[in-house]
Amino acid sequence: MAEEDDARIRILQSLRGKICEAKNLGPVSGPNRQRDLCTFCTISLDQEEVFRTKVIDKSVSPFYGEDFYFEIPRPFQCLSFYVYAKSVFQRDLAVGKVSIRKDDLCKYSGKEHWFGLQPVDPNSEVQGKVHLEMRLNEVITENGSVGQHLLVRIIECQELPLISGQNCDPYATVSLVGPARSDQKKTKVKKKTSNPHFEETFFFEVTRSSSYSKKSHFQVEEEDIEKLEIKVDLWNNENLAQDVFLGETRVPVKILRSDHIHKAWYLLQPKGNGSKSKSDDLGSLRLKLTYIEDTVLPSACYTPLCNLLLKSPDVKPISASAAHILGDIYRERYEAVLPVVRLLLHHNRFVPFVSAVAALELDNTQEANTIFRGNSLATRCIDDMMKIVGKNYLAVTLKPVIDEICESNKTCEIDPIKLKEGDNVEVNKENLQGYVHKVFSSITQSSSSCPTLMCDVFRSLRQLACKRFPADPHVQYSAVSSFVFLRFFAVAVLSPHSFQLRSHHPDPEISRTLTLISKTIQTLGSWGSLSKKLSSFKETYMYDFFKSFQEDKCIEKVKKFLDEISSNVSKESSGLEDAWVLKEGEVQKRTQGRKRLGKKNFKKRWLRVTSRELSYHKHKGKEALCTINVKNIQAVEKLDESAFNRKNMFQVVHSEKPLYVQAGNCVEASEWLEVLGQVSRCNEGRLATFHPSNFTSGAWQCCKNQSNNAPGCKPCTATMLANLQLDIDCDRETERIFSLLSSNDTKLQDMEDACASMAVYQGPQREQEEYSKFTIQEPKETFQTLKQLRNVMEELQMQHNIRNDTTAQYGSLDNPIVGKTS
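Residues numbered from 1 in each chain as written. Predicted model: local features only at pLDDT ≥ 70, side-chain atom pairs only at ≥ 80, totals over all residues. Heavy atoms only, no water.

S.K.: I tried to follow the sheet that holds strand β2 (residues 39-45) on my own but got confused; where do I start?
M.R.: Remark on secondary structure: sheet strands pair via backbone hydrogen bonds, oriented parallel or antiparallel. Judged by pairing direction, the sheet is antiparallel, and its four strands sit side by side in the order β3-β2-β5-β6 without closing on themselves. Two strands close off the open sheet at either side, each with one partner strand: β3 (48-52) and β6 (93-101). Within the sheet, the average angular offset between the axes of one strand and its neighbour, ignoring direction, is 25°. In this sheet, β3 lies alongside β2 in antiparallel orientation, the contact comprising four bridges. By the bridge assignment, L45 is partnered in β3 with E48. (Pairing = 2+ DSSP bridges. Helix = DSSP H or I, 4+ residues; strand = E, 2+ residues; numbered from the N terminus. Axes fitted to C-alpha atoms, helices over the stretch in contact; angles between N-to-C directions.)

What follows is the structure, given as structure tokens:
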């Protein structure tokens, strides 16, 4: 049973951050001149590119401002950021890179850092590992003397890099090197694979007796073994061009004396004689990184902590609940509340919890015009909820008009100080008014698309605000508009890339337009709810601009919209909800009915999956070439690399021939599998087994079954039960909560001490600064919850300790040896 539990442990990795800016980028060889540098950045896991910014024109200190987040689906050694100079007529030129080993990522987590760019040396761009078996044998020579022979067996390699986006043609050279010798032998070339199986054995003569005098052999004494080493180099066979170095490892022969058979995995290293000269100053790159690695245990381990958190909405007072305590001790970290929000959403416990937290905040609010304006636990929870639940709502409401704004790129500057020479302020004002009207109309006419859960929260906030300030007729609107306008729509307009409305951060001119639109929408929302006067606007040019909205009945439209999304009246549904886009992007698709080999068998296509159908198109925006109803999807699984000699491939099995797709990288492949797996997980016709390879030459290449209709030879992947729209993994969220609480054990102890002190002496505690940081209404109830938290955390920590004892052996596939470098 324990073995089964261990098998279900998941190591989940994610990376979140921002590529901020570069400065003082150094000279680049080639036709580009330093002042004309057009640059972009990429992110690579080892040597596989997984993210790319847009190109920034002509600047040696470019601002990128690109946020990124992705799940890391495989082991990796190094995270690298490359700066490239864009070239029109030749390959893009590398300016420099920042490489951070996985073990060092924690040093930089959560904060911005400037990193100096390092040169990009082809001999240092390595990844992968090699599996070796070595043995030192004593042999008796023809004349009866004793010598030593070395056996080196190169078994296989894994995770070799892609070359120009394709699998390489690797081979290995195996050498016995020393001060006065270098014997080299070579394996066969393996075609189109990043995980080659060589299974080749080589013999080397290590020592001979001194009487052996054949001139073609070295005379090596016993003590010279101390200076010998085995060197294994991996290369990509380029046929007509120079072969590309993929990595090397070096193993001292002396270690074989005490190990009869030495069999281990080794990490490939950069070339030992690579250039080590001091490079020119290439500039620097400012990055913000947060790397998270979650060791997720079996579900049963999280049940006690999960139950304690889900009980939070029922605890009186709410400040004594486990969820509120977490938010209280992590006031300074905005993202700490997110896992609690996700957990409560999944179990339909969010509305009662946030209503109780909002009521507590309102009790401490003295003025109606400051309602929900701070960074409180209630506002943080509702912000996170809207980002999760409202993702599709934003796409339906804002994406079409945001796309129009970004692509038409009309000048909208109306600030006299920022106008450029030749700008016509009246034309700009007309452009801006047109955009604002479109955005404002899209929002105020979107109530039927507002998610039910958001409406439930807004209705609760409205009722609580009216109860707290019964004499203020506008507070019922400001309680809702402070979220839906100020914290949702206005923020999404300002940063569309952060809400997946655009793939990249907009350029400065479009960003300025979006800023003006966002400010206007924010003001219209507040103006409508609070009936502000025009004289209250700070900027004169905004005062003039808003005159045009006076006659447009904006207040009535805003109030009608707020009424519709926060009233007790249930929204009517036609039963035919619009399909929402879950993921889309460019892929390589295998052409149906082709022979196995040939580059033309794969074509670029735009793949798109919605809540209803999967389709592919010749280009983005074109008519679908093929459409598959998601209800007809029977399985979505990875495809073995050997099927088409390509990495990052997956298959969609449906009622007709399987659809074979190659994603751009491992992150993209994982995301496609996740989305397609979730959207089809409840289908009636789902398969229990699948073929991990293809059917060609009259047989399945995986199991050699000659029937095209034969049942699969491998069990299908079990899909996590999760809400498709919310995409929540409860075990992972609970593990993150456990990690947060564990890392703040001292604050939990301080809170316990505060409760104990207050329970004994009920007087004011203001003189104790530490105690005043916590919200403690009922010290005995809070103390009881803290004790329960400690008990479940101790039990969960024990479960982690039990499983952490079984670490991978050094030299195994999961814990390879870092080979010697010269």
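Here the narrative resumes.
S.K.: How should I be thinking about the pairing of strand β5 (residues 78-85) in this particular structure?
M.R.: Two faces make up the sheet, and in a regular strand the side chains alternate between them. With seven of its eight residues buried, β5 lies for the most part within the structure. The sheet contact formed by β2 and β5 spans seven bridges and is antiparallel. The residue of β5 that forms the bridge with I43 is F81. As defined by bridge partners, β5 adjoins β6 across eight bridges and the pair is classed as antiparallel. By the bridge assignment for β6, Y84 is matched with A94. (Buried < 20%, exposed > 50% of the residue type's maximum accessible area, 1.4 Å probe, protein only.)

S.K.: Help me understand helix α3 (residues 322-329) in this model?
M.R.: Within an α-helix, residues lying three or four positions from one another point in the same direction, as the helix has 3.6 residues per turn. Of all eight residues in α3, eight are buried, a share of seventy percent or more. Listing the buried residues of α3 in full gives A322, A323, H324, I325, L326, G327, D328 and I329.

S.K.: Any chance you could explain the pattern of salt bridges here in plain terms?
M.R.: Inspection of every chain in the model, using the stated rule, returns 38 salt bridges. Here R502 ties to E407 by a salt bridge, and the two come within 3.4 Å at their closest N and O atoms. Residue R502 is located in the loop between α10 (475-494) and α11 (508-530), and its partner E407 is located in helix α7 (residues 391-408); the two are separated by 95 residues in the primary sequence. Take E407: its relative accessible area is 59%, and that puts it in the exposed class. Put simply, E668 and K583 hold a salt bridge, and the shortest N to O gap is 3.2 Å. Note that E668 is positioned in helix α15 (residues 666-679) and K583 in strand β17 (residues 581-590), a separation of 85 residues in sequence. Residues joined in a network through salt bridges with shared partners are E229, K231, D233, E248 and R250. (Salt bridge = Lys/Arg side-chain N within 4 Å of Asp/Glu carboxyl O.)

S.K.: What exactly am I supposed to notice about the sheet that holds strand β22 (residues 649-653) here?
M.R.: Taken together, seven strands build an open sheet; the order of strands is β20-β19-β18-β17-β23-β22-β21 and the sheet is antiparallel. The sheet is open, and its two edges are formed by β20 (624-629) and β21 (635-638), each paired on a single side. Neighbour-to-neighbour, the strand axes of the sheet open up by a mean angle of 30°, direction not taken into account. Direction of pairing for β17 relative to strand β18 (residues 602-610): antiparallel, over a ladder of nine bridges.

Functional significance is not addressed by these values, which are geometric in nature.
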